[in-house]
Amino acid sequence: MNDPRSERVADLRAGQYADGSPLHDVQYLECKLILKTDEFTSPAGFRKYGKLVAQVAEECGIGFDQKPAKGARPAIREVMFLDTEDFRLYSNAFILRRRIRFEDGFPAEEPEVVFKFRHPDQQEAAEVDVRPNLPGDYRIKFKAEALPLKDRLGGYRLLFSHNVQFPLSHAPTDGDRTAMEQLMQVFPAMKVLQLDKGDHVSLVNQTIVEEVLQDLGTLDFGKGVTADANVALWRTRGEHLPLVGEFAYQVKFKRREEVHDKARERCARFFIRLQQVGHAWIYLGATKTGMVYRLKGNPPQAHE
């Protein structure tokens with residue numbers, strides 16, 4: 001994009017799902033900077049990056065309230081990705097993930113299942129009906145995810161992540177939860193995939209990720225647009241092999257027109273300037289999920 005601050009995500013074309021429901025529209029903007037792990041060897045590394053965020057926020061005239069995060073300890077979450085042996089989900093832009101948050105060494109809640117279709121084409125992402133076939137409640141989150149350009153700093157690219165999430169207890173308890181045949185019943189969107197008899201999902205690269213997440217504070221872009229910001233380290237559980245870091249902040253809105261142009265421009269300007277000032281931290285051309293998939297060699301065909 002030549003001038004990212006002038007870009008606006010196009011409106012979706014009218015459409016509906018098979019049951020007549022209207023297409024889901026984007027209601028979140030999440031900006032992500034994938035970071036190298038060199039500095040993240042202790043909480044001091046998180047604080048160091050927080051100072052960089054504060055510096056750039058001040059330079060860009062953006063409010064940054066760090067008081068809510070003062071004294072906060074890093075949170076720990078366990079993340080597992082599931083896929084077939086040939087990575088059929090990821091190769092077709094699907095991601096299946098289970099995540100659980102820990103407090104004081106013990107699970108703080110039941111595991112959460114997330115199923116998503118993530119693609120650079122917004123219309124294509126919207127038209128995939130990710131709604132599950134479940135009796136319990138679930139939550140839809142359709143996000144525009146901003147990442148740096150793959151080959152250089154100073155711009156951004158967009159991925160559209162169409163998600164559904166629900167507690168693991170809402171998943172069927174009978175049968176084999178890892179069998180692709182059963183998963184396709186729970187997630188009808190998967191039925192576009194080729195199914196071979198006996199196909200199952202298992203841990204991607206036999207890896208469980210431990211996420212260390214530090215809240216930094218709240219960014220204020222004006223016109224009522226605020227975003228909680230955090231920085232995280234992903235490492236393998238057991239070996240504690242550092243994989244990747246990430247700085248992220250997310251804006252939620254009901255309708256696109258609610259986001260004022262000035263706030264949108266400030267958000268983009270801050271995102272670009274943070275890349276430039278913190279260039280030594282940036283890991284280009286990666287996503288956290290992609291790093292897990294490429295752990296044991298070249299990753300499969302991806303849409304990220």
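Being a predicted model, the structure only gives us computed values, none of them experimental. (Residues numbered from 1 in each chain as written. Predicted model: local features only at pLDDT ≥ 70, side-chain atom pairs only at ≥ 80, totals over all residues. Heavy atoms only, no water.)

Chemist: Hey, could you run me through the nonpolar core in this one?
Modeler: The nonpolar side chains of a soluble globular protein tend to be buried with one another. Within the largest apolar cluster, 67 residues are counted, with the highest numbers of intra-cluster contacts made by F247, Y249 and F270. Sequence-distant contacts of F270, that is, excluding residues within four places in its chain, are made with V53, V56, A57, C60, I62, L219, F221, F247 and Y249. Among the nonpolar cores identified, the runner-up in size contains 17 residues, and V204, V244, M291 and V292 belong to it. (Core = buried A, V, L, I, M, F, W, Y, C linked by side-chain atoms within 4.5 Å. Buried < 20%, exposed > 50% of the residue type's maximum accessible area, 1.4 Å probe, protein only. Contact = heavy atoms within 4.5 Å.)

Chemist: Looking at this structure, how should I read the packing of aromatic side chains?
Modeler: Two aromatic rings, taken as a pair, are described by how far apart their centres are and by the angle between their planes. The full count for this structure, using the stated rule, is 15 aromatic pairs. One aromatic cluster is present, formed by F40, F46, Y49, F221, F247, Y249, F270 and W281 through successive ring pairs. (Phe/Tyr/Trp six-rings, centres within 6.5 Å; stacked < 30°, edge-to-face > 60°.)

Chemist: Explain the environment of E85 here, please?
Modeler: Assignment of secondary structure puts E85 in the loop between β3 (75–83) and α2 (88–91). We classify E85 as exposed; its relative accessible area is 79%. Spatially, the C-alpha atoms of E85 and H200 are 8.0 Å apart, while their sequence positions differ by 115 residues. (Helix = DSSP H or I, 4+ residues; strand = E, 2+ residues; numbered from the N terminus.)

Chemist: In this structure, what is going on with the packing of helix α1 (residues 43–59) against helix α5 (residues 261–277)? I would like to understand it.
Modeler: Two quantities define a packed helix pair, namely the angle between the axes and the distance from one axis to the other. Running from N to C, α1 and α5 point in directions that differ by 125°, and their axes come no closer than 10 Å. With respect to α5, the element α1 is oriented oblique. The two elements α1 and α5 cross, and the hand of that crossing is right-handed. Of the residues in α5, those touching α1 at Y49, L52, V53, Q55, V56, A57 and E59 are F270, R273, L274 and V277. Of the residues contributing to the contact of α1 with α5, the split by class is eight nonpolar, one polar and two charged. (Axes fitted to C-alpha atoms, helices over the stretch in contact; angles between N-to-C directions. Parallel < 35°, antiparallel > 145°, perpendicular 65-115°, else oblique. Left-handed = near helix turned anticlockwise from the far one by under 90°. Nonpolar A, V, L, I, M, F, W, Y, C, P; charged D, E, K, R; others polar.)

Chemist: Would you mind going over the pairing of strand β8 (residues 157–167) with me for this structure?
Modeler: Consecutive side chains of a regular strand alternate in pointing toward one face of the sheet and then the other. The buried fraction of β8 amounts to ten of the eleven residues, a majority that puts the element mostly inside the structure. Direction of pairing for strand β6 (residues 112–119) relative to β8: antiparallel, over a ladder of eight bridges. Within β8, the residue paired with F115 across the bridge is V164. Two elements, strand β7 (residues 139–147) and β8, share nine bridges in a ladder whose sense is antiparallel. (Pairing = 2+ DSSP bridges.)

Chemist: How do you make sense of the pairing of strand β4 (residues 94–103) when you look at a structure like this?
Modeler: When β3 meets β4, the two strands line up antiparallel, connected through seven bridges. Of the residues in β4, the one forming a bridge with E78 is I100. Relative to β6, β4 is paired through six bridges, and the arrangement is antiparallel. Bridge pairing in β6 links L96 to F115. Relative to strand β5 (residues 106–107), β4 is paired through two bridges, and the arrangement is antiparallel. When the bridges of β5 are listed, F102 appears paired with P107. Connecting the antiparallel pair β4 and β5 is a turn made up of two residues, with D104 showing a positive phi of about 55°.

Chemist: What should I look at first to understand the confidence of the model for the protein in this one?
Modeler: A low pLDDT means the predicted coordinates there should not be read in detail. For the protein, per-residue confidence averages 90 on the pLDDT scale, and residues scoring 70 or more make up 94% of the total. Taken as a whole, residues 1–6 scores under 50 in pLDDT and shows eleven contacts with residues more than four places along the chain or in a different chain. (pLDDT = per-residue confidence, 0-100.)

Chemist: Would you mind going over the pattern of salt bridges with me for this structure?
Modeler: Under the counting rule described, the total for this entry stands at 20 salt bridges. In this structure, the salt-bridge partner of E30 is K143, at a minimum N-O distance of 3.0 Å. Taken together, the residues E30 in strand β1 (residues 28–35) and K143 in strand β7 connect sequence positions 113 residues apart. Of the two residues, E30 and K143, neither departs from the other in class, the shared state being buried. Here R131 ties to D129 by a salt bridge, and the two come within 2.8 Å at their closest N and O atoms. Taking relative accessible area as the criterion, R131 reaches 18% and is therefore assigned buried. Under the relative-accessibility criterion, D129 is labelled partly exposed at 22%. Each of D19, D129 and R131 takes part in salt bridges that share partners, so that together they form one network. (Salt bridge = Lys/Arg side-chain N within 4 Å of Asp/Glu carboxyl O.)

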